[in-house]
Each structure stands twice: as structure tokens, then as C-alpha cells.
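# Chains, contacts and geometry: an overview
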Amino acid sequence: MRKQKLVIGLSAGMLSLALFACQAGRNNPGRIYAPDMYYSRAYDAYSVNLVYPDSMSSRPPVPGTVPRGHTVNAHELLPFNLPQSDSAYAVSGQVKNPLPVITQATLEEGQRLFNIYCAICHGEQLDGQGPLYKSGKFPVQPANFHLPQYLKMPEGTMFYSVTYGKNLMGSYASQLSERQRWEVIAYIKSVQAKDLAKGADSTSVAKK
Ligand code: HEC
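These lines cover the structure that appears in this document, whether it is placed above or below. (Residues numbered from 1 in each chain as written. Predicted model: local features only at pLDDT ≥ 70, side-chain atom pairs only at ≥ 80, totals over all residues. Heavy atoms only, no water.)

Before going further, it helps to examine the overall build of the chain. The number of helices and strands found in the chain is 10 helices and zero strands. Each helix (α) and strand (β) of the chain, taken in turn from the N terminus, gives the series α-α-α-α-α-α-α-α-α-α. Within the chain, the proportion of its 208 residues that are buried is 29%. Of the contacts formed within the chain by residues at least 6 apart in sequence, a portion of 47% connects residues at least 24 apart. (Helix = DSSP H or I, 4+ residues; strand = E, 2+ residues; numbered from the N terminus. Buried < 20%, exposed > 50% of the residue type's maximum accessible area, 1.4 Å probe, protein only. Contact = heavy atoms within 4.5 Å.)

Moving on, we get to the packing of aromatic side chains. Evaluation of the coordinates by the stated rule reveals five aromatic pairs. On the numbers, 6.4 Å between centres and 65° between planes, the contact of phenylalanine 114 with phenylalanine 145 is edge-to-face. With phenylalanine 114 in helix α4 (residues 104-117) and phenylalanine 145 in the loop between α6 (131-134) and α7 (148-151), this pair connects stretches of sequence that are 31 residues apart. Owing to a relative accessible area of 8%, phenylalanine 145 belongs among the buried residues under this scheme. Consider the rings of phenylalanine 159 and tryptophan 182, whose centres lie 4.3 Å apart with planes at 5°: the pair is stacked. Here phenylalanine 159, found in helix α8 (residues 155-164), pairs with tryptophan 182, found in helix α9 (residues 178-198); they are 23 residues apart in sequence, far enough to count as distant. Given a relative accessible area of 1%, phenylalanine 159 falls into the buried group. Lying across the ring of tyrosine 52, arginine 59 places its NZ or CZ 3.6 Å from the centre. (Phe/Tyr/Trp six-rings, centres within 6.5 Å; stacked < 30°, edge-to-face > 60°. Lys NZ or Arg CZ within 6 Å of the ring centre and 35° of its normal.)

Take the site of the ligand next. Within the structure, the ligand sits among 23 residues, and Cys118, Cys121, His122, Ser161 and Met169 are positioned closest to it. A distance of 2.7 Å separates a nitrogen atom of the ligand from a polar atom in the side chain of histidine 122. Listed by contribution, the elements that provide at least two residues to the shell around the ligand are α5 (119-122) and α8. With four residues, α8 is the largest single contributor of residues to the shell around the ligand. Within the shell around the ligand, the residues separate by chemical class into 17 nonpolar, five polar and one charged. (Near = heavy atom within 4 Å. Polar contact = N/O pair within 3.5 Å; in protein donor to acceptor, adjacent residues only side chain to side chain. Nonpolar A, V, L, I, M, F, W, Y, C, P; charged D, E, K, R; others polar.)

A few words now on α8. Along an α-helix, residues three or four positions apart point the same way, because every turn accommodates 3.6 residues. With nine of its 10 residues buried, α8 lies for the most part within the structure. Packed against the buried residues of α8 are α3 (87-90), α7 and α9. Of the residues trailing α8, glycine 165 is marked for its positive phi of about 85°.

Coordination of the iron atom of the ligand by the protein comes from His122 (NE2) and Met169 (SD), over a distance range of 2.0 Å. Since its relative accessible area comes to 8%, histidine 122 is described here as buried. Since its relative accessible area comes to 25%, methionine 169 is described here as partly exposed. (Donors = N, O, S within 2.8 Å, 3.2 Å for Na, K, Ca; no water.)

In this structure, Leu82, Phe114, Leu126, Phe145, Trp182, Val184 and Ile188 are the most contacted members of the largest nonpolar core, which totals 23 residues. Counting residues per element, the ones that place at least two in this core are α3, α4, α8 and α9. Not counting residues up to four positions away in its chain, the partners in contact with phenylalanine 114 are Ala119, His122, Gly123, Leu126, Phe145, Val184, Tyr187 and Ile188. (Core = buried A, V, L, I, M, F, W, Y, C linked by side-chain atoms within 4.5 Å.)

With that out of the way, let us pick up the side chain of aspartate 127. Looking at the secondary structure, you find aspartate 127 in the loop between α5 and α6. Here glutamine 129 takes part through its backbone nitrogen, which lies 3.1 Å from a polar atom of the side chain of aspartate 127. If we ignore the near neighbours within four places in the chain, the residues touching aspartate 127 are His122, Gln141, Asn144 and His146.

Under the counting rule described, the total for this entry stands at four salt bridges. Of the charged contacts, one joins aspartate 54 and arginine 59 as a salt bridge, the two residues approaching to 3.0 Å between their closest N and O atoms. (Salt bridge = Lys/Arg side-chain N within 4 Å of Asp/Glu carboxyl O.)

Here α9 contains 21 residues, and its C-alpha end-to-end distance of 30 Å stays within 8% of the 30 Å for a straight helix at 1.5 Å per residue. Two residues or fewer past α9, glycine 199 is found with a positive phi of approximately 60°. (Expected span 1.5 Å × (residues − 1).)

Structural data, given as C-alpha cells:
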């Protein structure tokens, strides 16, 4: 008898709990014990922020900030941060590849990157006959690095063009780190060195 009452009492209790739980509604999160964890007191990254005149909560980095892994601008040694306004300096021939040593591994990495990012236009033979250009879908002839004007092109000019783009060629600054850009240029120059060593009539290489 007692047991029965207990069972009835318990089930009634559970039923009312269940009903109450339903009534509380799905949208009601109930009591919040640590509101700071639910509602950030800091500004959310993309929220409007009236403290700043441009009302952006995400602040741009302070001018001159050097990303981790990048070299501080040391013009003479490591012109990694060649500013766009410094085109005259870039093409002056004074800018040298700053990689301290260029090994076979550097050139292989440069070639690997070149084949991924550049060969579609410039061709794996560096002759400007990449598949995109040959398909007729790209309107202008990409540079043929076997031509005299590119054989004698300073590395700094190449770095500048790869960093900021040149006419129809876009910038590769977001795809390739500065080190990678120099690795690619080291690779192009190593291929060009073979042309120069051969003393071959470079235009015949170009036209083959
Ligand atoms: C979408 C096609 C395309 C891709 C991809 C491309 N280029 Fe070019 N590139 C061109 C064209 C077109 C030119 C000729 C630009 C001009 O002189 O008008 C050019 C020119 C150049 C020049 C000569 C720049 C100068 O100052 O005259 C260099 C160096 C160069 N590219 C390097 C690269 C490297 C390195 C990559 C890969 C990271 C690359 N390009 C990827 C199309 C491309």
C-alpha cells in the first residue's frame, strides 16, 4: 500500500516536472549563472564601435607592423618590405636576392612553387607558353624568361613585379611569402644562368 502511494506520488511529481519543463518554453535559456561567459563585455570583432571615427571594432595593425616571420625593413640587406612607392629603387639593380644561401633545395622549392603558381602562364619551360595562355583564354603573352630583356632583368625588378603585379599579371604577395617569392626568383635566375652560360641566341630558345 505504502509502496503504491510512493509510486503514484513519484510519477505525479515527474509528470508535473515534465509539464513545467515544457512550459518553460524552448526559447527561454533559463537562469544564467555566469553572464560574462554568455555575453562578451568586450566588443565583438565585427561589431560597430562608436569609440572610433570609422566605427570599426577590428583595428588595422599599426603602420610599420612587421608580421611574425618577416624581416624588418633593412633596405641594404633584406629588401623584403620593398614599398610600392619605391619602384625606382626596386628596378635600380641594387636589390639583390637576400636569401643567405641558395642551395639545390632552394632551387627545387623555387621550381615547385613556380610550377604551381606561375607555370600556368609562364610555362614550365619559362618560355611564356603556359597552358592558360596557349588555351587562348589569356589575352596577352606572359613574359618569356629566355628573352634578352628578361635575362638581364634585375632580381629586384622581378621581386617588385611579383609583389605588386605588372599590368595583366596580378600580385602574388598574398599567395607567396617574401621568402617564397625570392626562392621562385632564384629558380628563374638559375634557369636563365644556363641560357647565359650557353651563350645561346636566346631568341632561338624563345621561338622553339
Ligand atoms: C595569369 C598569368 C600569369 C601568372 C599566373 C603569372 N604571370 Fe608573370 N606575367 C604575366 C604577364 C602577362 C606578364 C607581362 C606583363 C607585362 O609586361 O605587361 C608577366 C610578367 C612577369 C615578369 C616580368 C615583370 C616585369 O617587370 O616586366 C615576371 C618577373 C613575372 N611575370 C614573374 C611571375 C612569377 C614569379 C609568377 C608566379 C609567382 C608569375 N609571374 C605568374 C602573366 C602571369
